[in-house]
Amino acid sequence: KGPLSLSLGEQLVMAQMSAAHASETVKLERKAARVLAVVRCFVGVLRSYQWADASILPRGGVKASSLSLADHIDSGGIFRQIHGISAGHTLEDRHGSIPVLVSEADDVGGDRERILLLIVIPLLKHLTDCYTELDKLPQTTRQVEDDRGNLTSDNRGKRKTKQSAPPPPGMLSLNDYTNVACLLEFVVSVSLVPCLEFPSLCFPALPLSPEGCSRAEAVEVSTLMSQRRCRALPKSLAGRISRQSLAWGTKTAAESQNLKVGEATSCNIVTRLLEKHNEMARVAISVGKLVLLDRFRPMLLPRHLGDVYLCVFIAERLRWYLMKLDKDVKLPSFSSRENQLLDQAKATQEKIATELSELERALRISSLEFQSSHIASVRMSTVKQVTKSVDPRESALAYRNLLGGGAAMLLAPNRPCTPTWLRIRLGQCLTNIARDDLESVVDVFVASAHGPGGNDGGHLDDEIMTGAAARLARALCARPLGAKTTSDGAANTNPLERSLCRQLIQFLEEDGRRYIAEIKVKNEIGLARPRVSVAMALTLWATISQLAVSTLDECFFGALSKGLFDSQDWENEAPRQSAASIASLMITIPSLLDASTRKKIQSFLLSDHDGFTVLTWILNASTFLTDGDQIVSEVNARSADNAALCKLMNTSLVQMLRFLSCDSNFSDSIISDTLLQAITSRSVGFDPVSAQVKIPHHHQSDPLEELNKMQRRAGVTVEAMKHLPDNSPLPSNLFRRSLGLHFSSISTTDTELGLPGLRNVGSKEAASAASVLALLCE
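Residues numbered from 1 in each chain as written. Predicted model: local features only at pLDDT ≥ 70, side-chain atom pairs only at ≥ 80, totals over all residues. Heavy atoms only, no water.

Novice: Please provide a residue-by-residue account of the overall build of the chain, values included.
Specialist: Broken down by element type, the chain carries 29 helices and four strands. Burial statistics for the chain: of 778 residues in total, 48% are counted as buried. Sequence-distant contacts, at least 24 apart, represent 79% of the contacts inside the chain between residues at least 6 apart. When the accessible surface of the chain is totalled, it reaches about 39,000 Å², and 53% of it is carbon and sulfur. (Helix = DSSP H or I, 4+ residues; strand = E, 2+ residues; numbered from the N terminus. Buried < 20%, exposed > 50% of the residue type's maximum accessible area, 1.4 Å probe, protein only. Contact = heavy atoms within 4.5 Å. Areas by Shrake-Rupley, 256 points an atom, 1.4 Å probe, with all protein chains shown as cover.)

Below, the structure written as structure tokens:
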């Protein structure tokens, strides 16, 4: 009833739509259940197969099966069931007129290719399709009939309790997840692991030649790489899928290769490379799309993301080989049968090219383009983001596992190692991640390094984390071959270096805000730091040591201090943020620095900017940002922030003095003169702290006011030196320098000024020397 009520026709339409939606959901759930039933049946068939190798017979010496694995699977009806799902038939129809796919697929290859292309990949595709659609369905509340027969929301009991959300459509049991995980392990064992075990089956020997491309070489049967993978098999899968089934693909690939040795017909190398490329691409697409679904991502992505990356990179390398064949090798003419197989391989590659590009985008991979007459190009404008992208930290973890041995190939007998081309490619992709999310890379490669302090915290003297940060910085800052250099020998700044500097400045800004918040609560800077924060600080200093001076001045130091020198009003956010960031930089300074890095920091602190240096600004901030200062209004809204920032500036000043005084290459007179110049400097930007505060009985050019400020800066400087180590030479050096300036100021004759250490001094310099001398004597 009422103007907003639905008419009977509208209610009927909505009911029909709801019924159609429910019917579609039921269909999808039934199909998903059928696919999971086939997966369960396939895993059971693998467990029931009796292996022919006597060295890997099951306990009890059960007689090996006389059937091949493909025939054994066919006897279990797996092929018929998959064909029934693909054709839309129900499982009850599988004994009808549906033909057996094994007899129809003689061109597919041996047992390994048939099982991979006709069973495993279709199963993964059906799973992906079902749960992609099921995940799109909206969540509905369960409804039940009450005592009167009316539909109401399911609310058992009369107590008002928080209702649990209904299970998602097509929810999987733990047993289903385990079976799908077994299926993924098997597909990797029959596709990717043979490439790692026998790289020569994938990649021809270089340099390429027509004779080498057409010659089939025997390989020694080995299962070393499959055994390495089985050792890392999760316990939940070890009892479900046997080691024999995981080693079967590797042995079968070797035996199939050895049967080709001595054949009279030459092998079409282009067809072989294209077929292997298509196999790796199909495996990457089928496995990658499945594990990237929300249903499977938490349980399956961590283990198989590295496998997907490796398949993509192997397919990419095979495209490089095809490009080299076009350029460097004149291949002989092939038979009509070989040309027919080549055309089929090209058609397959063209079909999967777009899907592969979509997967690469979801994996955050910048694909390399290789021009070849055998490779179909893909317009990037047509590539859509159909899958949620991988988290940068997940990618970094996968790259770490691959660089740590997960991408090793058996290039020599019993000596697995990662090929150079693959290490370079992994480094490129890792660098691309760092360009967008440096913290994730640092968290994985530096913070996770096991050094003193465990995983809950860290400190800047952690040698293992320091070494990891240095290695990461060298990798990120490595100059590409052929990089252009400027006239002074420094390389031009590239976009990656700009991005690294920008992210490091963001880290310092966040760290500075954290310090201020901590001081406001605890009135001190805590010593405990999160492990990731320590790792970022160590990486920051390692990066500073690797970058060129010109790059640092332009992208890091210049941007870090920009707020200090661009604003004349300390109430603005820019100078406060710059000051806090610089304080964070100085607080995290390591105890040991190389000479070149020290020189970079010295230049940053003491370089002149219109009469000011970073040291001058920090000293002025430490002096005048005090809450009890007469110049600062008592009703200033920023009084608490000023007090916290002032304490942070004092800590930063102590760190600067400690850094300058412990450098053996920095003469004592230069340090002392630098401090005296900072004490004598102007106070623009600090008088007063708030632009709204005015002092009527003072003027900016009043000599007494300037003398008062000079004395206060001297007091802050001397107070900061109390926190230096007892053996620090800075106090005595400053005393000696101030005493010499004082004697110079009171000398009245040219004879006296001609004595060693005496010279003409100005009134401000004499006043600052007298102020410092008095405080040091006291």
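Structure shown, so let's carry the discussion forward.
Novice: Got a sec to walk through the environment of A376? Specific residues and values, please.
Specialist: Within the element layout of this structure, A376 appears in the loop between helix 13 (336–362) and helix 14 (392–406). Excluding residues that lie within four positions of it along the chain, A376 makes contacts with Q349, E350 and A353.

Novice: Outline the confidence of the model for the chain, listing residues and values.
Specialist: Confidence in the prediction for the chain averages 79 pLDDT; 75% of positions are at 70 or higher. For residues 155–161, every residue scores under 50 in pLDDT, and the model assigns this stretch one contact once sequence neighbours within four places are set aside. Counted against residues more than four places away or in other chains, residues 687–699, with its pLDDT under 50, gives 22 contacts. (pLDDT = per-residue confidence, 0-100.)

Novice: Quick one: what's the story with the nonpolar core, residue by residue and with numbers?
Specialist: F42, Y131, F186, Y399, F556 and L648 are the most contacted members of the largest nonpolar core, which has 206 residues in total. Broken down by element, the residue count for this core peaks at 17 residues, all from helix 12 (residues 297–328). Setting aside its immediate chain neighbours within four residues, F186 contacts F42, L46, L69, I115, V120, I241, S245, L246 and W248. Core analysis: the next-biggest nonpolar cluster, separate from the first, contains five residues, F198, L201, A253 and A254 among them. (Core = buried A, V, L, I, M, F, W, Y, C linked by side-chain atoms within 4.5 Å.)

Novice: Outline the pairing of strand 3 (residues 409–412), supporting the account with residue identities and numerical values.
Specialist: As paired strands, strand 3 and strand 4 (residues 415–417) are joined by two bridges and run antiparallel to one another. Note on strand 4: the bridge partner recorded for A412 is R415. What sits between strand 3 and strand 4 in their antiparallel hairpin is a turn of two residues, with N414 showing a positive phi close to 60°. (Pairing = 2+ DSSP bridges.)

Novice: Just give me the short version of unusual backbone geometry, but keep the residues and values in it.
Specialist: Positive phi, normally seen in glycine, also occurs at R364, with a value near 65°. You will see that N523, though not glycine, has its phi angle at about 60°, which is positive. Within the secondary structure layout, N523 lies in the loop between helix 18 (495–522) and helix 19 (531–546).

Novice: So what's going on with the pattern of salt bridges? Which residues, and what values?
Specialist: Pairing of side chains with opposite charge becomes possible as their charged atoms draw close. Scanning the entire structure with this criterion turns up 22 salt bridges. With a shortest N-O distance of 3.0 Å, D129 and K125 are connected by a salt bridge. Taken together, the residues span about one helical turn, with D129 and K125 both in helix 5 (residues 111–136) at a distance of four residues. We classify K125 as partly exposed; its relative accessible area is 48%. Taking the shortest distance from any N to any O, the salt bridge between R514 and D511 comes out at 3.1 Å. Note that R514 and D511 are positioned in helix 18 at a spacing of three residues, about one turn of the helix. Accessibility expressed as a relative area gives 4% for D511, which makes it buried. (Salt bridge = Lys/Arg side-chain N within 4 Å of Asp/Glu carboxyl O.)

Novice: For the packing of helix 6 (residues 174–197) against helix 11 (residues 269–291), give the residues involved together with the corresponding values.
Specialist: The N-to-C vectors of helix 6 and helix 11 enclose an angle of 155°; their axes lie 11 Å apart at closest approach. By the angle between their axes, helix 6 is roughly antiparallel relative to helix 11. Both helix 6 and helix 11 take part in a crossing whose hand is left-handed. Contacts from V180, L184, V187, V190, S191, L192 and C195 of helix 6 reach helix 11 at K276, E279, M280, V283, V287, L290 and V291. The class makeup of the residues in the contact of helix 6 with helix 11 is 11 nonpolar, one polar and two charged. (Axes fitted to C-alpha atoms, helices over the stretch in contact; angles between N-to-C directions. Parallel < 35°, antiparallel > 145°, perpendicular 65-115°, else oblique. Left-handed = near helix turned anticlockwise from the far one by under 90°. Nonpolar A, V, L, I, M, F, W, Y, C, P; charged D, E, K, R; others polar.)

Novice: Got a sec to walk through the packing of helix 16 (residues 438–447) against helix 17 (residues 463–476)? Specific residues and values, please.
Specialist: As a packed pair, helix 16 and helix 17 sit with axes 9 Å apart at the nearest point and diverge in direction by 135°. As summarised for this structure, helix 16 and helix 17 are arranged oblique, according to the angle between their axes. Crossing angle aside, the handedness with which helix 16 passes helix 17 is right-handed. Each of L438, V441, V442, F445, V446 and A447 in helix 16 lies in contact with helix 17, whose residues at this interface are M465, A468, A469, L472 and L476. Split into classes, the residues belonging to the contact of helix 16 with helix 17 amount to 11 nonpolar, no polar and no charged.

Novice: Break down helix 12 for me, citing the residues and quoting the values.
Specialist: The first and last C-alpha atoms of helix 12 sit 43 Å apart over 32 residues, in line with the 46 Å expected at 1.5 Å per residue. Of all the bends in helix 12, the greatest measures close to 50° and is centred on H304. Counting buried positions along helix 12 gives 24 out of 32 residues, so the element sits mostly inside the fold. (Expected span 1.5 Å × (residues − 1). Bend = angle between axes of the 7 residues up to and from the residue.)

Novice: Please set out the packing of aromatic side chains residue by residue, giving values where relevant.
Specialist: Counted by the stated rule, this structure contains 13 aromatic pairs. For the pair F203 and Y321, a centre-to-centre distance of 5.9 Å together with 20° between the ring planes defines the contact as stacked. Taken together, the residues F203 in the loop between helix 6 and helix 7 (210–214) and Y321 in helix 12 connect sequence positions 118 residues apart. Summarising the burial analysis for this pair, F203 and Y321 share the class buried. When the centroid spacing of 6.3 Å and the interplanar angle of 85° are considered together, the rings of F565 and W617 count as edge-to-face. Here the residue F565 occupies a position in helix 20 (residues 549–566), and W617 occupies one in helix 23 (residues 614–624), the gap between them amounting to 52 residues. Under the relative-accessibility criterion, W617 is labelled buried at 3%. By the ring-pair criterion, three or more aromatic residues cluster together here, those being F203, W320, Y321 and W421. Between R317 and the ring centre of W320, over which it is positioned, the NZ or CZ distance is 4.1 Å. Above the ring of Y515, the side-chain terminus of R514 is found at 4.8 Å from the ring centroid. (Phe/Tyr/Trp six-rings, centres within 6.5 Å; stacked < 30°, edge-to-face > 60°. Lys NZ or Arg CZ within 6 Å of the ring centre and 35° of its normal.)

Novice: Talk me through the side chain of S652; I want residue IDs and the actual numbers.
Specialist: Position of S652 among the secondary structure elements: in helix 24 (residues 639–661). Beyond its immediate sequence surroundings of up to four residues, S652 is in contact with I582, A583, M586 and I618.

Novice: An account of the environment of F735 is requested, with residue identities and associated values reported.
Specialist: Along the chain, the position of F735 falls in helix 27 (residues 730–746). You can call F735 partly exposed: its relative accessible area is 31%. Residues F735 and A774, 39 residues apart in the sequence, show an inter-C-alpha distance of 9.5 Å. Residue contacts for F735: discarding those within four places in its chain leaves L773, L776 and C777.

Novice: Which residues make up the environment of L118, and what values do they have?
Specialist: You can see L118 is positioned in helix 5. Residue classification places L118 among the buried residues on the basis of a relative accessible area of 16%. Sequence separation of L118 and H83 is 35 residues, and the distance between their C-alpha atoms is 9.0 Å.

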